[in-house]
Amino acid sequence: MFRILIFSLLIAGCIGSIACFTGCSKKEKKAEAPAKVAPPKKDDLDLSSKEATYRNFMTALNNNDLDKAWKCIPPQTQKKGIAIAKEEKKSLDEFKRESLGSLRENLQEILKSQYNNDLEKFIKDSFTKCSDSDFVNVDGKWYIEL
């Protein structure tokens, strides 16, 4: 239980950073002749940019889609979470509910109290406060660093 609490607190630090998440919203220049890329499959998660990852993470939390939010966390952090869940003899789903559920509650409170439940406005405002250290790139995909 203690390890889940520690992991949850690490993840909860992300919500504390949400209000400060910005600075990484610099618009990227579009390539003049972009390479053709197959459109993402309907169930694919867009981790192609920091902003896309952030948007997916916040939207998933807001929609209580903890599996999708979990996929926005770096693979190494996911592995640590899996190890903690096994040590605590909990299912991964239960671990996600415990660790990401508190983030969702915090997000819901911020949306209600400060943004009139406007997720889009929250995402735009909070993303502008991101720093490069809030994200990590692994194999060409961006993840939220907790």
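Residues numbered from 1 in each chain as written. Predicted model: local features only at pLDDT ≥ 70, side-chain atom pairs only at ≥ 80, totals over all residues. Heavy atoms only, no water.

Chemist: Sorry if this is basic, but what is going on with the overall build of the chain here?
Modeler: Broken down by element type, the chain carries six helices and two strands. Mapped in sequence order, the helices and strands of the chain form the string α-α-α-α-α-α-β-β. Taking all 146 residues of the chain together, 37% fall into the buried category. Of the contacts made within the chain by residues no fewer than 6 positions apart, 74% connect residues no fewer than 24 positions apart. With the model as given, the accessible surface of the chain reaches about 9200 Å², and the carbon-plus-sulfur share is 52%. (Helix = DSSP H or I, 4+ residues; strand = E, 2+ residues; numbered from the N terminus. Buried < 20%, exposed > 50% of the residue type's maximum accessible area, 1.4 Å probe, protein only. Contact = heavy atoms within 4.5 Å. Areas by Shrake-Rupley, 256 points an atom, 1.4 Å probe, with all protein chains shown as cover.)

Chemist: Which parts of the structure should I look at to understand the pairing of strand E1 (residues 135-138)?
Modeler: Within a regular strand, side chains alternate between the sheet's two faces. Relative to strand E2 (residues 141-144), E1 runs antiparallel, the two being bridged by four bridges. Within E2, the position partnered with Asn137 by the bridge is Trp142. Counting the residues in the hairpin turn of E1 and E2 gives two residues, including Asp139, whose phi is positive at 55 degrees. (Pairing = 2+ DSSP bridges.)

Chemist: When you look at the pattern of salt bridges in this model, what are you seeing that I'm missing?
Modeler: When the charged atoms of two side chains lie near each other, side chains of opposite charge can form a pair. Under the criterion given, the structure shown has six salt bridges. Residue Glu120 pairs with Arg55 through a salt bridge whose shortest N-O separation is 2.7 Å. Of this pair, Glu120 sits in helix H6 (residues 119-127) while Arg55 sits in helix H2 (residues 50-62), and the two are 65 residues apart along the sequence. Here Asp125 ties to Lys121 by a salt bridge, and the two come within 3.1 Å at their closest N and O atoms. Residue Asp125 and its partner Lys121 are both found in helix H6; the two are separated by four residues, about one turn of the helix. Connected through salt bridges with shared partners, the residues Lys90, Glu94 and Glu98 form a single ionic network. (Salt bridge = Lys/Arg side-chain N within 4 Å of Asp/Glu carboxyl O.)

Chemist: Teacher, can you tell me more about helix H5 (residues 92-114) here?
Modeler: Side chains of residues three or four places apart in an α-helix project in the same direction, reflecting 3.6 residues per turn. Under the 1.5 Å per step criterion, the end-to-end length of H5 is 32 Å for 23 residues, consistent within 8% with the ideal 33 Å. Within H5, the full set of buried residues consists of Phe95, Lys96, Ser99, Leu100, Gly101, Leu103, Leu107, Ile110 and Leu111. Asn116 sits one or two positions beyond H5 and adopts a positive phi of about 50 degrees. (Expected span 1.5 Å × (residues − 1).)

Chemist: Explain the confidence of the model for the chain here, please?
Modeler: Fine structural detail should not be taken from predicted coordinates in areas where pLDDT scores are low. The predicted model of the chain averages 80 in pLDDT, with 71% of residues at 70 or higher. Counting contacts from residues 18-40, a segment whose pLDDT is below 50, to residues more than four positions away or on other chains yields 38 contacts. (pLDDT = per-residue confidence, 0-100.)

Chemist: Explain the nonpolar core here, please?
Modeler: What tends to happen in soluble globular proteins is that the nonpolar side chains get buried as a cluster. The biggest cluster of nonpolar side chains holds 28 residues, and the ones touching the most others in it are Tyr54, Phe57, Met58, Leu61, Leu100 and Phe122. The leading source of residues in this core is H5, at six residues. (Core = buried A, V, L, I, M, F, W, Y, C linked by side-chain atoms within 4.5 Å.)

Chemist: I keep staring at helix H4 (residues 75-87) and nothing clicks. Help me out?
Modeler: Between the first and last C-alpha of H4 there are 18 Å, a value that for 13 residues agrees with the 18 Å anticipated at 1.5 Å per step. If you check which residues of H4 are buried, you get Thr77, Gln78, Gly81, Ile84 and Ala85. Relative to the axis of H4, the buried residues are bounded by an arc of 120 degrees and lie together on one face. Residues Gln76, Lys79, Lys80 and Lys86 are exposed on H4 and point more than 90 degrees away from its buried face. Residue Lys89 follows H4 closely and has a positive phi angle near 55 degrees. (Arc of directions from axis to C-beta.)

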